[in-house]
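Coordinate analysis (summary)
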Amino acid sequence: MIEQVKKEIDRGEDELSTWLTDNFDRFEYHRMPSPKVIESYREIINSINSNVQYKQSAKDEFAKIADSWLCAYGLAYNYPILTNEKYKAGARNRVLIPNVCKAFKIEYVNILDLMRETGFRL
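Residue positions are given per chain, counted from 1 along the sequence in the order it is written. It should be noted that, the model being predicted, local features are given only for residues of pLDDT at least 70 and side-chain atom pairs only at 80 or more, the latter also being counted only at that level, while totals for whole chains, interfaces and linings use all residues. Values shown for side chains rest on all heavy atoms present in the structure; no hydrogens or waters enter the calculation.

**So, the packing of aromatic side chains**
Here a Phe, Tyr or Trp ring, Trp counted by its six-membered ring, pairs with any other such ring whose centre lies within 6.5 Å, and the pair is stacked when the planes are under 30 degrees apart, edge-to-face when over 60, and tilted otherwise. Within the structure shown, the criterion is met by five aromatic pairs. Between W19 and F27, the ring centres sit 6.0 Å apart and the planes meet at 85°, which makes this aromatic pair edge-to-face. Residue placement shows K6 over the ring face of F24; its charged tip is 5.1 Å from the ring centre. Charge-over-ring placement is defined geometrically: NZ (Lys) or CZ (Arg) within 6 Å of the ring centre, and within 35 degrees of the ring normal. Over the ring of Y87 we find K102, and its NZ or CZ is 4.4 Å from the ring centre.

**What about the environment of R92?**
Here R92 is to be found in the loop between strand 1 (81-83) and helix 6 (97-104). Contact criterion: two residues are considered in contact whenever any of their non-hydrogen atoms come within 4.5 Å of each other. Not counting residues within four places of it along the chain, the set of residues in contact with R92 comprises V52, Q53, Y54, K55 and A58. Polar contacts here mean pairs of N or O atoms no more than 3.5 Å apart (in protein, one a potential hydrogen donor and the other a potential acceptor; neighbouring residues in sequence count only if both atoms are side-chain atoms). A polar contact is formed between the side chain of R92 and the backbone oxygen of Q53, at a distance of 2.7 Å. The helix count covers DSSP runs of H or I at least four residues long, the strand count covers runs of E at least two residues long, and both are numbered beginning at the N terminus.

**Structural notes on helix 6**
Type-normalised accessible area, obtained with a 1.4 Å probe on protein chains alone, sets the label of each residue: buried when under 20%, exposed when over 50%, and partly exposed for intermediate values. Most of helix 6 is tucked away, with six of its eight residues classed as buried. Of the residues making up helix 6, those classed as buried are I97, P98, N99, V100, C101 and F104. Turning to helix 6, the residues buried within the fold contact helix 3 (35-50), helix 4 (56-64), helix 5 (66-77), strand 1 and strand 2 (108-110). The positive-phi residue at the C-terminal boundary of helix 6 is K105, with phi of around 55°.

Here it is, written out as structure tokens:
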């Protein structure tokens, strides 16, 4: 669990934030990004900022939210990223995790696909 994701979840003040509070001891918590992650973040943000495909508002938003840090951790440590988002080649209004993953060759997995692969049942 990275700090940026925890902050986003905590802001929700909903069932997910309550569950995370109750189960937080089950997670490895990364409060401060390592220099390797910071360098990966810088590389991703520079690439996004120089990409003319995205609107400036999408670039600015991506730099502020946890998604950019998730991608940086994925790039830095070759971690796969779990997401509900789908790749969209022509995205302009939002920088999508799968688009970043594809550009940087970061593995990503859709949550439903992961559930199918692991045999998870509700």
